[in-house]
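Chain by chain, the residues:
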Amino acid sequence: MDYFLNEEQQMIVDIARQITDERIIPNRAELDEKHEFPRAILNDMAQADLFGLLIPEEFGGFGGDCFDSVLALEQLGRGCIGVGTAFAASSLGIYPILISGSQEIKEKYLPAVASGEKFAAFGLTEANAGSDASGIQTTAVLDGDEWVINGTKQWITNGGEAQIYTVIAITDRSKGPRGASMFVVEEGDPGFTCGPKEKKMGIRASSTTELIFKDCRIPKDRLIGRQGTGFITVMKTLDSSRPGIAALGVGLAQGALDEAASYAKQRVQFGKPIIAFQAVQHMLADMAIGVESARALVYQAAKHIVAHPKDMSKVSSMCKIYATDVAMKVATDAVQVLGGYGFMSEYPVEKMMRDAKILQIYEGTNQIQRNVVGQELNKEYSK
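Within each chain, residues carry numbers counting from 1 in the order of the written sequence. Given that the model is predicted, a residue must reach a pLDDT of at least 70 before its local features are reported, and side-chain atom pairs must reach 80 or more before they are shown or counted; all residues, however, enter totals for whole chains, interfaces and linings. The basis for the side-chain values is all heavy atoms of the structure; hydrogens and waters are excluded.

Colleague: What's the story with the packing of helix α9 (residues 312-338) against helix α11 (residues 366-380) in this structure? I'm lost.
Modeller: For helices, the fitted axis covers only the stretch in contact; all axes are lines through C-alpha atoms, and the angles between them, taken along N-to-C directions, range from 0 to 180 degrees. Helical segments are the DSSP runs of H or I of at least four residues, strand segments are the runs of E of at least two, and each set is numbered from the N terminus. The contact between α9 and α11 brings their axes to 9 Å, and the two run at 140°. Pair α9 / α11 crosses with left-handed handedness. Across the interface between the two elements, Ser313, Lys314, Ser317, Met318, Lys320, Ile321, Thr324 and Asp325 from α9 touch Asn366, Gln369, Arg370, Val372, Val373, Glu376, Leu377 and Glu380 from α11. When residue character is reported, Ala, Val, Leu, Ile, Met, Phe, Trp, Tyr, Cys and Pro are called nonpolar, Asp, Glu, Lys and Arg charged, and the others, Gly included, polar. Split into classes, the residues belonging to the contact of α9 with α11 amount to five nonpolar, five polar and six charged. Rotating anticlockwise by less than a right angle from the far helix to the near helix defines a left-handed crossing, while the corresponding clockwise rotation defines a right-handed one. Any pair of residues with heavy atoms lying within 4.5 Å of one another is described as a contacting pair.

Colleague: Could you clarify how one ought to interpret the packing of helix α1 (residues 7-24) against helix α4 (residues 66-79) in this entry?
Modeller: What describes two packed helices is the angle between their axes and the distance between those same axes. Contact geometry for α1 and α4: axes closest at 8 Å, N-to-C directions at 20°. With respect to α4, the axis of α1 lies roughly parallel. Between α1 and α4 lies a crossing whose hand is right-handed. Taken together, the residues of α4 that come into contact with α1 (itself represented by Gln9, Ile12, Val13, Ala16, Arg17, Thr20, Asp21 and Ile24) are Phe67, Asp68, Leu71, Ala72, Gln75, Leu76, Arg78 and Gly79. Split by residue class, the contact of α1 with α4 holds eight nonpolar, four polar and four charged. Here is the rule for angles: anything less than 35 degrees is roughly parallel, anything more than 145 is roughly antiparallel, 65 through 115 is roughly perpendicular, and the remaining ranges are oblique.

Colleague: What am I meant to see in the pairing of strand β1 (residues 120-123) here?
Modeller: A regular strand carries its side chains on alternate faces of the sheet. Side chains of β1 alternate between two faces, with Ala120 and Phe122 and Ala121 and Gly123 buried alike. DSSP calls a pair of strands paired once it identifies at least 2 bridges connecting them. Relative to strand β4 (residues 164-170), β1 is paired through four bridges, and the arrangement is parallel. Following the sheet pairing, Ala120 is matched in β4 by Ile164. With a 1.4 Å probe rolled over the protein chains alone, any residue whose accessible area is under 20% of its type maximum counts as buried; one over 50% counts as exposed, and the rest are partly exposed.

Colleague: Would you take a moment to explain the packing of aromatic side chains for this structure?
Modeller: One pair of aromatic rings is described through two measures. These are the centre distance and the angle between the planes. Stacked, tilted and edge-to-face are the three classes assigned to paired rings of Phe, Tyr and Trp, where Trp is represented by its six-membered ring and a pair needs centres within 6.5 Å; plane angles under 30 degrees give stacked, over 60 edge-to-face, the rest tilted. On inspection of all chains with the given rule, the structure shows 12 aromatic pairs. Between Phe67 and Tyr299, the ring centres sit 5.3 Å apart and the planes meet at 80°, which makes this aromatic pair edge-to-face. Highlighted residues: Phe67 in helix α4 and Tyr299 in helix α8 (residues 278-305), separated in sequence by 232 residues. Ring centres of Phe270 and Phe277 lie 6.3 Å apart, and the angle between their planes is 85°; on these two criteria the pair is classed as edge-to-face. With relative accessibility at 25%, the residue Phe277 sits in the partly exposed group. Within the aromatic cluster, the residues linked to one another by ring pairs are Phe37, Phe51, Phe87 and Phe119. We call a charge positioned over a ring when the NZ of a Lys or the CZ of an Arg lies within 6 Å of the ring centre and within 35 degrees of the ring normal. Positioned over the ring face of Phe67 is Lys303, at 4.9 Å from the centre of the ring.

This is the structure in structure tokens:
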């Protein structure tokens, strides 16, 4: 389908597609096998100015929006969502600065991210604070001109590879959700370390570690926004970033469909290509319908979210649920179409199937996202 992209939007697609075809796809199997962070490929993306997509022009960026980001992430997801996740996590890490940061903080951190000189990461999840973000235990206490942070964050993408971390911590537990604040922590700050890389089922090219704070001291001016506005910033961040995860799902699903259809044209059984069999045709048809439906929803949701509407949380959750569920189903069906070959690592669909699972889990499980949609519907129909 033609989505009538303008010249700048088509340029984003073309650049991301070229990097995917020339740099990601030829190297994805090796990156996955070695659990290797794709620094060289990310540097290529930086040279192509992709890291500046969401950053305003005054800070050295492209000045784009959620839809521009979605267009790039879809193409990267078609190649490898491990690489795509490493790229997306840097955008996630700067969203709190974009949303709530002072002019001084933006001037200090955004240009280095826009150029690709530095990567970012987002520190929210903890052992007892996953779906329930309000359960965080990490604390920040003001001591003179410094904040002292203590606690541990878990499963942080780009951990150990990023230089800039946006981290939420409790500054006044007596105030409940209004007692959390956001901070910028830098690589090398005293008392801040990262744990070893986690061994994962999928997205192995991305780095996932703990963030460990033991009397970590940072300057007072590293507070993002006002004290006590951390949860508001986190919710706005995730509402803005979830369409990007959905776009990775669309890209992965498209890649899996491409592999399945190509294989079905070549694989001969009973004297003819298996794509000639109605059972296979129906599978491919359902896969194609799912991919195009997901793409249409994600594109429209991203355009809608740009205006920061009142139903932003609902729309963001809807597209994340649908596109990532489609990605999981299409990847699973692609393995089925390839049969025994689909189960072998020499073909990319087994990796796609392993990778797809995380899309239904990170940045808010799809079960929690359904809660969000349901709660918003309850409000709408109570008026």
